[in-house]
Amino acid sequence: MLRIRMHGRGGQGIKTAGQILGSAAFLAGFQAQDFPLYGAERRGAPVTSFTRVSPEPVLERGPIGIPDLLLIADATLLESVRPVPLNGADESTTIFINSSLAPETLQQYYQLPSLPVGLNLIPLCRHYLKKANLYSSALASVGARLMGSIDMGFLLEAVEIELEQQGLAEKQIEHNKELAQKVFESLTSVNLQERERTVIKAGSLALLEPRLAADSAPIILAAGNMALRKTGNWRVDRPEIDYKRCNQCLICYARCPEGAISVQESGSPEIDYEHCKGCMICAEECPGNVIQTVSETEDGS
Amino acid sequence: MSAITSNYKKIKDLNPHESLSAGTSLCAGCGGLEGLRLALKELGDDVIICNAAGCMTLLSVYPFTPLRGSWLYTTMGGPVPAAQGVRDALDIRIQQGDMPESENLQVMVLAGDGSSNDMGMGPTSSAIHRKLDFIYFCYDNEAYGNTGFQLSAASPFGGATQTAPSTGLHPAGAELPKKDLFEIWRAQNPTYIATVSPREPIDLANKFAKAKLMKGPRLFICLSPCPTGWGFDPKETHLIAKLARDTGIFPLKEFFEGKVMHNKVPRKRVPVERYLERQKRFQHLFIPVRQEETLAQIQSRVDAYWSQYE
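Just so we're clear, the structure is a prediction, and the values are computed from it rather than from any experiment.

All right, on to the pairing of strand 5 (residues 94-98) of chain A then. Within a regular strand, side chains alternate between the sheet's two faces. Residues and elements named next belong to chain A. Counting buried positions over the 5 residues of strand 5 gives 5, a clear majority of the element. By the alternation rule, side chains of strand 5 split into Thr94, Phe96 and Asn98 and Ile95 and Ile97, which are all buried. Bridging between strand 4 (residues 69-72) and strand 5 involves 4 bridges; their strand directions are parallel. Among the inter-strand pairings, Leu69 is bridged to a residue of strand 5, identified as Thr94.

If you want it as structure tokens, here you go:
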């Protein structure tokens, strides 16, 4: 059984990528299982999806702790505290990173246990889908290609099935298939190694003493400490204010749902990049168009 | 209404203080969060929020809170009984001299449209009947957004949700009209009702400035464009909110002392299609074939609403 884990962010199509890969494997005659994992967080927050592929019935359940193939759609995740995309990976794990950088550079920079496979999906997605960060078909294609046991025909059929179910227009599905084909042809398969599993023994049952609600309820006594959590790495695009042309109308400040734009003493708006989630409302709403949209991932890493 | 006048005319007049800190896990571009942020700018820190389970559950993730005021988390049907308990406790403590009047807090229920229209409605009706002194802030994203956008009683006719998708048998998606929460509350003659939009910060701030000085049940219905559930790019949240107003789909209005008053009435209403066509939840009304009858019904319901006032 091959265990494949994908990492990306909400809105990038990571869940769909896992589904497409699972369907492609199924069409190719394998048994397959796919499911995503995300917390209470939303668009822009880390998302993981899992696909298990086997010629035998897949009886294993739960998240994949030790992946044979790791597909990382968003390299910025490698620098975030959680989730830890490299968890469970060792020198036998095949790692794919969506990046324009050379494999040697990636390995050194991120201290990867093995030399990764790299391909920059951003220009491809932009070319075929007109969106730089929608990886569903592209990432599934990477997975299918690296596995080597799924023909392109099955992959394209799976793209069609899954995207049709999501209500995509025929034309969009066609563009996705073209993208999947292009990605498939840009890579070669690798010799995936299936690692030995060790059964983890359950620990002894922890018994908790009953306590009064006053002791045991989650009470927070701090005020406004949520700001300690940084959401800046949710960003796909970054808004940048051109101060030379800004007339301090403060529409951006009024419209920012995060309250991540403050007004400086000078009267100028200032963006808090530690928290800005990159919704780009400010750039859209700025009456003078003086807030530019700059891609965070344009140059790979 | 003459005694309470509007104070704010421009963005610079808004309270610069943020009672809601950044860092929450809510979706980028959340219209409801923006509405809440603007409301709390006006209400300040001396508020205790009774929060029904819903999207705003994500405000506080232990051990973090974005609020400088207090927050009490409740079940989806229970925020109003919680508000009653909190209000009573505050009143009793002040009355018994345990707490100075100056430390009194504004009690505010924060609930989504599912809680407000469905399971929380019974206790709410009872609380309005008892003239409970509280503010009710309903962020209306027209579905159970937090769990993946399932149909609520506030989901609009013709919109698709997870549990009411467009199918061969039910091409329109949701087939029932949205419940009219404003009118349901109005039937019980509360102190104040207002609809607000995150796109109209001045209008919103003025309404909260008025309401915070009043006593009794006060309802705010906040249009909450939802990029995730409605299906549009997060940057278009305010554009969608603007179209909701300009098409007349979401009227900005107030109820006070027995009268309904409209604010920011669109001079010439934009066809509803301009609003619908930008959202994935209404896509089936246009693709693969235009559902002329459904579109005409949506338009005629909006026209019928405004004909009462024009």
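With that out of the way, let us pick up the sheet that holds strand 2 (residues 31-37) of chain A. All names here are of chain A. Spatially, 2-3-1-4-5-6 is the arrangement adopted by the 6 strands of the open sheet, whose pairing is mixed. A single partner strand is all that each edge strand has here, and the edge strands are strand 2 and strand 6 (117-119). Pairwise comparison of adjacent strand axes, ignoring direction, gives a mean angle of 15° for this sheet.

Next up on the list: unusual backbone geometry. Residue and element names in this part refer to chain B. Across the junction of Tyr62 and Pro63, the peptide omega takes the value 0°, indicating a cis bond. One non-glycine residue with positive phi stands out, namely Lys264, at about 50°. Among the structural elements, Lys264 can be located in the loop between strand 8 (259-263) and helix 9 (273-276). Taking the C-beta count within 10 Å as the criterion, Lys264 has 14 such neighbours and is therefore assigned partly exposed.

Right, let's talk about the packing of helix 1 (residues 14-27) of chain A against helix 4 (residues 136-147) of chain A for a bit. Residue and element names in this part refer to chain A. With their axes 8 Å apart at the nearest point, helix 1 and helix 4 run at an angle of 45° to one another. As judged from the angle between their axes, helix 1 and helix 4 are oblique. Seen along the crossing, helix 1 lies across helix 4 with a hand that is right-handed. Together, Thr16, Ala17, Ile20, Leu21 and Ala24 of helix 1 and Ser136, Ser137, Leu139, Ala140, Gly143 and Ala144 of helix 4 make up the contact between the two elements.

Residues and elements named next belong to chain A. For chain A, the assigned domains read domain 1 (2-186) and domain 2 (228-295). A C-alpha centroid distance of 32 Å is found between domain 1 and domain 2. Listed by partner, the interface residues are 7 residues for domain 1 and 7 residues for domain 2. Along the lines of polarity and charge, the residues of the side of domain 1 that touches domain 2 split into 2 nonpolar, 4 polar and 1 charged.

Conventions adopted
- Residues numbered from 1 in each chain as written.
- Chains lettered and ligands numbered in written order.
- Predicted model: local features only at pLDDT ≥ 70, side-chain atom pairs only at ≥ 80, totals over all residues.
- Buried ≥ 20, exposed ≤ 12 C-beta atoms within 10 Å, placed from the backbone.
- Helix = DSSP H or I, 4+ residues; strand = E, 2+ residues; numbered from the N terminus.
- Pairing = 2+ DSSP bridges.
- Axes fitted to C-alpha atoms, helices over the stretch in contact; angles between N-to-C directions.
- Parallel < 35°, antiparallel > 145°, perpendicular 65-115°, else oblique.
- Left-handed = near helix turned anticlockwise from the far one by under 90°.
- Contact = placed C-beta atoms within 7 Å.
- Domains from an automatic or database assignment.
- Nonpolar A, V, L, I, M, F, W, Y, C, P; charged D, E, K, R; others polar.

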